[in-house]
Amino acid sequence: MSHRNRYVLALGVLLAAALFKLWILPLRSSFWVDEMVTAFVVHYGPSHPSLTVAPQVTATIYYWLPWAAERLLGFSEVVYRIPSTLLMGLSLFLLARLAMRLIHPDAGWFVVFAAVTLRGINYEAADARPYAMATCVALGAAWFLVRWLDTARWLDAFFYLVCAALLWRVHLIQWPFYVVLAGYTLVRALRGETPVSWWRIGAVYAVLGAALVPVLVTTLKLLAETKAHVIFTQPPMWRELGSAFKFLLVAGGGVGAWLLGLQFKWPRQKPPSWSALVLIVGWWVCQPLALFAFSLLTGNNVFVTRYLWLSLPGAALAAAAAAGCFLPSHAWKPSAAALGAGVLLFMGGVPRFAPLHHNSNWREAAREIRGLGIQPDTPVVYPSPFIEAKSPVWQPGYALPGFLYCHLLTYPVGGTPYLLPFIPSPEAERYAATIAGGALASSGKFVVYGGDINVNRWQYFFSQRPELAGWHSKKLGAFGDVEAVVFEKPDER
């Protein structure tokens, strides 16, 4: 076996081991709350009446993937997450191809391992939500755009149009990426670095614009009610913006390669072209900058970590571009192997038998509640985990099954449900006081089950009620950001 092939084999083994640890092992863990929304939409359809309160939830083409997976393989956490895992595998392949075209023919392995150092990349791969699909579609759009501008082939232009038209339909928050794609196209055309004529560019972008008009209309309609779906009431902070850029990865790629160059006396290498840097840097910074500015200007904070993940391939490309200023051809694969070994050793901690994908163990919490011997008439109090659960949408008689309480369906516990909103309100407290003096006090035992902050609020509320004086409450275990508390009369403990 040649020296080159030995490196490829070693790199393949390292990548397989890293992806098994970081992508495959978490697949069996409990859904988190948004993944339970996926299950709800798949089972009850996007037109379910309860979803009208959150129209942004169904404004995506993603749900056909878990729907198809369930039809083929049945319902489970693993099955729902498999599409994202496969899409992220394709994303790494496309990312490697882009790095080989934009930075260096041998940069593919390096950029893949750089990407796997980013927690968001690994999280997407085991998440039954649209983000892996968005990342894959964005990488497809960038790859076919580069190929089209290189070759002027209409087939590449067609696939670019398909991917670019799909991206906004996967998730409405991905609109800043179109600035990156258009900017790269414009720079290459202005610099004369493409055989594609201006009229062809104009024609392709005119078709793309027409294809995106319906999504634009939908986005503008939803824009007016953004505040109703935003959890964070304070504007994002500048340090959050700095953290979003993943400077440690980018600087580490450049500084590490520079130190190796000093050690081995490598000459400086040719940096990527200006047009390549426009795509790479734009990809890296555009999504964080755009969402940060939008949040400050509108007062609606959408600077949420998962909404920034589309920038992560750009950060990995930026790290590879920084390293490429110092790494000669023969050093790329050894450097990638060292990076891969670091990923395998230090990323994700020590794998547990059932590592959690998210800090939410709804499945285990439900199991512990069922272990209490819940009877059909045992009250189970459910604070909703969704900010939309407030008056007038929330009512004590809220119809089930419903989006606001989709965790009842994914991980059922039995008993008789009593529904509370996301945040206490005078109306909710009056209702809670009524059931405290009625169904709860006469039951001998009841459970409060939901997100930790929500449950802790209502645990305190019920513990202060005179009707429940002398009752004991205890937490059933540690379930991450999920809480389950059982209240019992002293004589029934």
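The coordinates are above.
Parameters at a glance
- Residues numbered from 1 in each chain as written.
- Predicted model: local features only at pLDDT ≥ 70, side-chain atom pairs only at ≥ 80, totals over all residues.
- Heavy atoms only, no water.
- Helix = DSSP H or I, 4+ residues; strand = E, 2+ residues; numbered from the N terminus.
- Phe/Tyr/Trp six-rings, centres within 6.5 Å; stacked < 30°, edge-to-face > 60°.
- Buried < 20%, exposed > 50% of the residue type's maximum accessible area, 1.4 Å probe, protein only.
- Pairing = 2+ DSSP bridges.
- Axes fitted to C-alpha atoms, helices over the stretch in contact; angles between N-to-C directions.
- Contact = heavy atoms within 4.5 Å.
- Core = buried A, V, L, I, M, F, W, Y, C linked by side-chain atoms within 4.5 Å.
- Polar contact = N/O pair within 3.5 Å; in protein donor to acceptor, adjacent residues only side chain to side chain.

(A) Spotlight on the environment of Lys474. In this structure, Lys474 sits in strand 4 (residues 472-475). Sequence separation between Lys474 and Ala484 is 10 residues; the distance between their C-alpha atoms is 8.5 Å.

(B) The arrangement of the packing of aromatic side chains in detail. Within this structure, the stated rule accounts for 36 aromatic pairs. When the centroid spacing of 5.5 Å and the interplanar angle of 80° are considered together, the rings of Phe292 and Phe303 count as edge-to-face. Taken as a pair, Phe292 in helix 13 (residues 274-298) and Phe303 in the loop between helix 13 and helix 14 (312-324) lie far apart in primary sequence, 11 residues in all. The burial state of Phe292 is the same as that of Phe303; both residues are buried. Site record: aromatic cluster; members linked through ring pairs are Phe446, Trp458, Phe461, Phe462, Trp471 and Phe487.

(C) Structural context of the sheet that holds strand 3 (residues 445-451). Across the sheet, which stays open at both edges, the 5 strands sit in the order 2-1-3-5-4 with mixed pairing between neighbours. Strand pairing shows two members of the sheet lacking a second neighbour, strand 2 (416-420) and strand 4, which therefore form its edges. On average, adjacent strands in this sheet sit at an angle of 20° to one another, irrespective of strand direction. Where strand 1 (residues 379-383) meets strand 3, 2 bridges bridge the pair, whose relative direction is parallel. Paired with Val380 across the two strands is Val447, which belongs to strand 3. Those strands touched by helix 18 (residues 426-440) are strand 1, strand 2 and strand 3, and its axis lies near 155° from that of strand 2. Packing against the sheet, helix 19 (residues 452-463) makes contact with strand 1, strand 2, strand 3, strand 4 and strand 5 (482-488), and its axis sits at approximately 150° to strand 3.

(D) Summary view of the nonpolar core. Residues Ile103, Tyr160, Phe403, Tyr449 and Phe462 are the most contacted members of the largest nonpolar core, which totals 177 residues. The dominant element in this core, judged by the number of residues it contributes, is helix 7 (residues 131-151), at 16 residues. Setting aside chain neighbours within four positions, we find Phe462 in contact with Val381, Leu420, Ala432, Ile435, Ala436, Leu440, Phe446, Val448, Leu468 and Phe487.

(E) Structural view of the environment of Thr58. Following the sequence through the fold, Thr58 ends up in the loop between helix 2 (33-44) and helix 3 (64-73). For the pair formed by Thr58 and Pro328, sequence separation is 270 residues and the distance between their alpha carbons is 48 Å. Non-local contacts of Thr58, meaning those with residues more than four positions away in its chain, are made with Pro46, Leu51 and Tyr63. Separated by 3.3 Å, the side chain of Thr58 and the backbone oxygen of Pro55 make a polar contact.

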